[in-house]
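# Understanding the architecture of this molecule
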Amino acid sequence: QVQLVESGGGLVQTGGSLRLSCAASGNIFSFFTMGWYRQAPGKQRELVAVINSGGSTNYAASVKGRFTISRDNAENTVSLQMNSLKPEDTAVYSCYMGNYRVYNYWGPGTQVTVSS
């Protein structure tokens, strides 16, 4: 099993920045993809950004150029630097770790609210 704990959410004004972090513990494999998803009220969960074991990244079009994902394999952490935040970025952000097949682990989520 893998446990994920997010931190760094909160309330910020439009144009502001936040940094989310996710710490993983447990039976972690180096080949795991790590990333962030979000779910706004009344909407489906969507991919924000993911990074694979080789460091390749994939971003949602809506956040490209504003958000940056990074991972520290030695510390088993993944972070999301969010700049130029917009009200439409308001959501619960959840950390993901796994291989989209047998292994799929989720954090409990952290609220990000961007005020206009």
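Before reading further, recall that the structure is shown in the block above.
In this report, the structure presented in the accompanying data block is examined. Nothing here was measured: the structure is a model prediction, and the numbers come from that model. (Residues numbered from 1 in each chain as written. Predicted model: local features only at pLDDT ≥ 70, side-chain atom pairs only at ≥ 80, totals over all residues. Heavy atoms only, no water.)

## Brief notes about the pattern of salt bridges
Tallied over the full model, the rule gives three salt bridges. In this structure, Asp89 engages Arg38 in a salt bridge whose closest nitrogen and oxygen atoms are separated by 3.0 Å. One end of the pair, Asp89, is in the loop between strand S8 (77-82) and strand S9 (91-98); the other, Arg38, is in strand S4 (residues 33-39), with 51 residues separating them in the sequence. Side by side, Asp89 and Arg38 carry an identical accessibility label, which is buried. One salt bridge in this structure joins Arg66 and Asp89, with 2.8 Å as the shortest N-O distance. Here the residue Arg66 occupies a position in the loop between strand S6 (57-59) and strand S7 (67-72), and Asp89 occupies one in the loop between S8 and S9, the gap between them amounting to 23 residues. Neither residue differs from the other here; Arg66 and Asp89 are each classed as buried. If you follow the salt bridges from partner to partner, you end up with Arg38, Glu46, Arg66 and Asp89 in one network. (Salt bridge = Lys/Arg side-chain N within 4 Å of Asp/Glu carboxyl O. Helix = DSSP H or I, 4+ residues; strand = E, 2+ residues; numbered from the N terminus. Buried < 20%, exposed > 50% of the residue type's maximum accessible area, 1.4 Å probe, protein only.)

## Notes on unusual backbone geometry
Within the chain, Asn76 stands out as a residue other than glycine whose phi angle is a positive 55°. Mapped onto the elements of the fold, Asn76 is located in the loop between S7 and S8. Given the relative accessible area of 26%, Asn76 is considered partly exposed. Backbone geometry at Ser84 places phi at a positive 50°, although glycine is not the residue there. Its place among the elements puts Ser84 in the loop between S8 and S9.

## Here we look at the nonpolar core
Membership of the largest hydrophobic core comes to 30 residues, with the highest contact counts inside it found for Trp36, Leu80, Met82 and Tyr93. Of all the secondary structure elements, the ones that give two or more residues to this core are strand S1 (2-7), strand S3 (18-26), S4, strand S5 (46-51), S7, S8, S9 and strand S11 (110-115). Discounting residues that sit within four places of it in the chain, Leu80 has contacts with Leu18, Arg19, Leu20, Trp36, Val48, Ala49, Phe67, Thr68, Ile69 and Tyr93. (Core = buried A, V, L, I, M, F, W, Y, C linked by side-chain atoms within 4.5 Å. Contact = heavy atoms within 4.5 Å.)

## Examining the packing of aromatic side chains
Under the criterion given, the structure shown has 11 aromatic pairs. Between Tyr37 and Trp106 the ring centres are 5.1 Å apart and the planes differ by 70°, which places this aromatic pair in the edge-to-face class. Taken together, the residues Tyr37 in strand S4 and Trp106 in strand S10 (residues 104-106) connect sequence positions 69 residues apart. The class of Tyr37 is buried, set by a relative accessible area of 12%. The class of Trp106 is partly exposed, set by a relative accessible area of 33%. Connected via pairs of aromatic rings, a cluster forms that spans Phe29, Phe31, Phe32, Tyr103 and Tyr105. (Phe/Tyr/Trp six-rings, centres within 6.5 Å; stacked < 30°, edge-to-face > 60°.)

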